[in-house]
Structures are given as structure tokens and as C-alpha cells.
Amino acid sequence: MSEPNAPKPPSDAAPAFAKRSLAAQALGHVDPVTRAVVAPLHVATTFLRDPDNGYSSGFSYARPDNATVREAEAVLAMLEDAAAGALLFGSGMAAATAVFTALEPGDHVVAPRVMYWGLKRWLNAEMPRRRIAVDFVDMDDLPALERAIRPGTTTLVWIETPGNPLWTVTDIAEAARLAHAAGARLAVDSTAASPIHTRPLTLGADIVMHSATKILNGHSDVVAGVLAGARADAFWERLAAIRSGGGAILGPFEAYLLMRSLRTLPLRAAAQAASAAELARRLQAHPNVSRVLYPGLPDDPGHAVAARQMQGGFGFMLSIRVRDGEAAAIAAAARVRLWKRATSLGGVESLIEHRASVEGPDSPCPPDLLRLSTGIEAVDDLFADLDAALRDA
Ligand SMILES: *Cc1c(COP(=O)(O)O)cnc(C)c1O
């Protein structure tokens, strides 16, 4: 057995079943001892050495590796077509920051101007200390991306598509082409797309990141993050080393819950995307909504690219701009009865949030914007609740 913390490629013998079939059965794992169809939860932190002082099982200590974590990683690698496998971290931020931590002083990064605000804040705080320069560009403007890339110096292009909270779409294949032409890697925060709607590695990306806290887990009860890799190259090995050396692996209980959730991910993602599309259509005709931001709408600026690179829907996230401005938006969010006023996204319960209040004065988010994370409630109930809250605005 190789290093216990080395990324594991998915089995070559995986049968040609649909991803939905493989996810439903968590790749069909059957426990060899009990014949249980659900893999056991492995909680041990330490493992017995063999008489010859080796570790024949490949497990020695729980910080570099855990069997329950591996089960969930195998399903995620299958969903993302990740030849190098997947690495689970204690949060989405731990996964994302591992990628930037793997860079060298003097490297240059291009990242989106509008992106997950917590990561942008971290980049602004931490990258200068490591002498890594970051340029933020509008990633739906490919000539701007091309101008920002410095051949030979840019080592990473980071994109997020659809991008939180405006749901701007970035052309993954084109971004990969531009990055690779300059000798850089392309990493994609695909949290809002999920592997059900987009598989960035099949479009040329090198690394995919998800906040697994969101739709991958989907039940608002686990914080987790994942990286999936196209190639088990030196950079991927470095990400694995950063995780095990820094102690950032996901805990087994969280991995177990995530594993349970992944079995129903294809169903949840399809249902949530269908409801989001229906809400986007109905809200577009609402007298108190000035604009709906959702790549599934035919007149959305990102629709053509989204239609090429997304399948089975356009995701569960949309935003609306409230006609009468910021105070009316906050007032509408205060009046909902079914939607929950809370941060986060991707859960089975629908959430509404006034993003500008969260992101603060530097936010590129318009002040009249409400972010909607569509859950699995009846879509008529979701619309009626929003309609009533907006009409009183
Ligand atoms: C939530 C989120 C993150 C951060 O993930 P955590 O699990 O909260 O650390 C990163 N990117 C996007 C797009 C997110 O929505």
C-alpha cells in the first residue's frame, strides 16, 4: 500500500452504471465482515502495528487518513470524474485555502472580482504576507482574464461559477485554455453548480473545490469542504500533504453524514434546480422585482455559456433585486414566513438573505439584492410566501 495519506484514484473496475445509481448505493460498498450495505463509521484515532512493525492495513493514525472519509471521497471522485481522487477537509474554506497555501512566494493569482466573500477577504489578508499577488477580474469578461494572466508568473487562475451572489457564469473550458496557455492551473469553486450540473474537470479544469457544507451535504448539519483533482501530480500530492500535515481532514462523523447525503444528491439537486427555475420565471414577472439573476433564464447574460457547460438544470441559487431599494429588500426578508432568514445555501430548507448586510461596505453586491437558496418545499408555497412579502414592501 502507498502512503496512507496519498490521494486514492477511483477503482478502474467501476462498472458503467449512471452516477445516480452509483451514488444511491455509495458505490455498492458491502462490509466484508457483516455484509452490511452501509459502511461502518470508523472512529479510531490509532491502529495496531504488525509484529514486524509495519501497518499492513495502510492506517496508522487518524489525522492523515480515515476509512469513513475515504468512502465519501470515493463517491465525490466518481461524481466529479476526478482521476486523482478527492480530499475532504474540515470546511470549504480549509479546502480552498489549501490550494493557495500550496503556492510559492512570487506566484501570481487571478481570481474573480465577485466571488465567495469569505475567501476574497482571506486572500486580501493572507496573500500579501506570502508575497503572492492577486488580481481580481470579472470572469465573464474573457479578454479581461487574458490581460490579467502573466505568462510564466501566474500559477493559478481561480474561478467560481455560477459566482456567489450574482450567479455570473464563467466559461470553464475557455478559462482552462487561457490558464494552460500561460502555464497556470485552473481551479474552480463549483459549490453553486454541484457535480450534478457541472463537472469542471471534464471541461479542462485541474482542481475542483466545493463547500460540502452546501448542497453536497444538503441538510444544514455538517461543515465540510472537498477538493477533487484531474491528475495525481506533484501539486495534488502537495495538497494532500498540506491537509495531513496541517491536520485539516474532515472528522469521521461528518464524513458519515456527508456520505448519507450524497446518496440522495442527484434527486435533491434536480428538484432544487427545477424549483429555482420556476421561481426565477415567476419572479421575473413580479411588479416589485426589478431583476432576477439566474443563469437558467434565457435572457440572463450567462445563459449561453451555462447552457453549454451545465446539465440537468442551472442550480438552486438565484438572487432578486427589489424594485424599491435596500430598505424594501430588508423589509421583504423580514416578512417571509416559510423561507428562513439565514446565511448558507444548498440545504433542503429554503433560505433568504440580504447579502450586502453580511458582506459589508467593500461588497460588490447591490444593496437591493436578496439571495435565495431554493430547498425542496412545494414551489407554490415558496412563491406565495415571497409574493406576499414583496407585495407589502
Ligand atoms: C460557503 C461557501 C464557501 C466556504 O465554505 P465553508 O464550508 O463555509 O467553509 C466557499 N465558496 C462558496 C461558493 C460557498 O458558498
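Residues numbered from 1 in each chain as written. Predicted model: local features only at pLDDT ≥ 70, side-chain atom pairs only at ≥ 80, totals over all residues. Heavy atoms only, no water.

This next bit is on a nonpolar patch on the surface. Where nonpolar side chains cluster on the molecular surface, the patch consists of V30, V37 and V38 and spans about 240 Å² of accessible area. Note on placement: V37 falls in the loop between α1 (19-24) and α2 (67-80). (Patch = residues over 30% accessible without salt bridge, like charges linked within 9 Å, V, L, I, M, F, W, Y side chains within 5 Å. Areas by Shrake-Rupley, 256 points an atom, 1.4 Å probe, with all protein chains shown as cover. Salt bridge = Lys/Arg side-chain N within 4 Å of Asp/Glu carboxyl O. Helix = DSSP H or I, 4+ residues; strand = E, 2+ residues; numbered from the N terminus.)

Alternating residues of strand β11 (residues 351-354) divide into L351 and E353 and I352 and H354, and every residue in both groups is buried. Of the pairings in the sheet, the one linking strand β10 (residues 340-341) to β11 comprises two bridges and is parallel in character. By the bridge assignment for β11, R341 is matched with I352. In this sheet, strand β12 (residues 369-373) lies alongside β11 in antiparallel orientation, the contact comprising four bridges. Paired with H354 across the strands is L370, a residue of β12. (Buried < 20%, exposed > 50% of the residue type's maximum accessible area, 1.4 Å probe, protein only. Pairing = 2+ DSSP bridges.)

The next point concerns the site of the ligand. Lining the immediate environment of the ligand, one finds 13 residues, of which M93, D189, S211, T213 and K214 sit closest. Between the ligand and the protein, one listed contact pairs an oxygen atom with a backbone N or O atom of M93 at 2.8 Å. K214 places a polar side-chain atom, nitrogen or oxygen, 2.7 Å from an oxygen atom of the ligand. Notes on the ligand: free accessible area 380 Å², of which the protein chains cover 90%. When contributions to the shell around the ligand are tallied by element, the ones reaching two or more residues are α3 (92-101) and β6 (207-211). (Near = heavy atom within 4 Å. Polar contact = N/O pair within 3.5 Å; in protein donor to acceptor, adjacent residues only side chain to side chain.)

Next up on the list: the sheet that holds β6. Taking strand neighbours across the sheet as the criterion, the seven strands line up as β1-β7-β6-β5-β4-β2-β3 in an open arrangement whose pairing is mixed. The open sheet terminates on both sides in strands that have one partner only, identified here as β1 (85-89) and β3 (133-137). With direction set aside, neighbouring strand axes in the sheet form an average angle of 20°. (Axes fitted to C-alpha atoms, helices over the stretch in contact; angles between N-to-C directions.)

This part covers the sheet that holds β10. Taken together, the five strands give an open sheet; going across it, the order is β8-β9-β12-β11-β10, and neighbouring strands pair in mixed fashion. The sheet is open, and its two edges are formed by β8 (289-293) and β10, each paired on a single side. By the bridge criterion, five bridges tie strand β9 (residues 317-322) to β12 in an arrangement that is antiparallel. The residue of β12 that forms the bridge with I320 is L370. Contacting β9, β10, β11 and β12, helix α12 (residues 326-335) runs over the sheet at an angle of about 150° to β11. (Contact = heavy atoms within 4.5 Å.)

Within the secondary structure, A342 sits in the loop between β10 and β11. Along the chain, A342 and S373 lie 31 residues apart, while their C-alpha atoms are 9.8 Å from each other. With residues near it in sequence (within four places) discarded, A342 still touches L351, I352 and E353.

Right, let's talk about the domain arrangement of the chain for a bit. For the chain, the assigned domains read domain 1 (19-262) and domain 2 (265-392). Interface area, domain 1 with domain 2, both sides summed: about 3000 Å², of which 63% is carbon and sulfur. Together, W167, H197 and I215 form the three largest contributors to the area buried by domain 1 at its contact with domain 2, with a combined 26%. Linking domain 1 with domain 2 are one salt bridge, by the criterion used here. With a shortest N-O distance of 2.9 Å, R308 and D171 are connected by a salt bridge. Where domain 1 packs against domain 2, one counts 16 residue pairs in polar contact (both at pLDDT 80 or more). Those elements giving two or more residues to the side of domain 1 that touches domain 2 turn out to be α1, α7 (194-197) and α9 (252-262). (Domains from an automatic or database assignment. Buried area = accessible area lost by both parts, 1.4 Å probe.)

In this fold, S190 is placed in the loop between β5 (185-189) and α7. Non-local contacts of S190, meaning those with residues more than four positions away in its chain, are made with T161, T198, P200, V208, M209 and H210.

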